[in-house]
Amino acid sequence: MSKVEIYSGDYCPYCVRAKALLSKKGVAFTEYNVQLQTELRSEMLKRSGGARTIPQIFIDDRHVGGCDDLYALEKKGELDRWLQGS
């Protein structure tokens, strides 16, 4: 299974929605709360190419984007392939 990382924050409905989809698929992920650990925000910005919104999601260091991007991959039937490392 792929390494999945999510930069998130408290009270973020998009973060909750993205994590729910991954959990529903049985995917383990590492979560970085950029509101509690503000030093991680600059790391997120660098890795995401300047994206400021949360969540920012990475699968095997490949930038997915935000919640809508994750759901778009799922709708196109591509998310499982990303999660399998293809």
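The text that follows walks through the structure, step by step, so that each part is easy to find. Fair warning: this is a prediction, and the values are worked out from it, not measured in the lab.

Quick word on the environment of Leu-79
Then step 1. Mapping Leu-79 onto the fold places it in helix α4 (residues 79–83).
Then step 2. Remark: the alpha-carbon pair of Leu-79 and Ile-59, spanning 20 residues in sequence, is separated by 9.7 Å.

Topic: the nonpolar core
Then step 1. By size, the foremost hydrophobic cluster in this structure holds 15 residues, and its most contacted members are Ile-59, Val-64, Leu-70 and Leu-79.
Then step 2. Mapped onto this core, the elements with two or more residues apiece are β1 (4–8), α1 (13–24), β3 (56–59), α3 (67–75) and α4.
Then step 3. Excluding residues within four positions of it along the chain, Leu-79 makes contact with Leu-21, Lys-25, Ile-59, Leu-70, Leu-73 and Glu-74.

So, the pattern of salt bridges
Any two side chains of opposite charge can pair, so long as their charged atoms come close to each other.
Then step 1. On inspection of all chains with the given rule, the structure shows eight salt bridges.
Then step 2. One salt bridge in this structure joins Asp-68 and Arg-17, with 3.9 Å as the shortest N-O distance. With Asp-68 in helix α3 and Arg-17 in helix α1, the pair connects residues that are 51 residues apart, well separated along the chain.
Then step 3. Residue Arg-17 is classed as partly exposed on the basis of its relative accessible area of 39%.
Then step 4. Taken together, the salt bridges that share partners define one network made up of Lys-3, Glu-5, Arg-47 and Asp-61.

Observations regarding unusual backbone geometry
Then step 1. Here the bond from Ile-54 into Pro-55 is cis, since omega is 0 degrees, no more than 30 degrees from zero.
Then step 2. On the secondary structure map, Pro-55 appears in the loop between α2 (39–47) and β3.
Then step 3. A positive phi angle, close to 60 degrees, is found at Tyr-11, a residue other than glycine.
Then step 4. Of note, Tyr-11 is situated in the loop between β1 and α1.
Then step 5. Look at Tyr-11 and you get exposed, because its relative accessible area is 83%.

Reading the values: the criteria
- Residues numbered from 1 in each chain as written.
- Predicted model: local features only at pLDDT ≥ 70, side-chain atom pairs only at ≥ 80, totals over all residues.
- Heavy atoms only, no water.
- Helix = DSSP H or I, 4+ residues; strand = E, 2+ residues; numbered from the N terminus.
- Core = buried A, V, L, I, M, F, W, Y, C linked by side-chain atoms within 4.5 Å.
- Buried < 20%, exposed > 50% of the residue type's maximum accessible area, 1.4 Å probe, protein only.
- Contact = heavy atoms within 4.5 Å.
- Salt bridge = Lys/Arg side-chain N within 4 Å of Asp/Glu carboxyl O.

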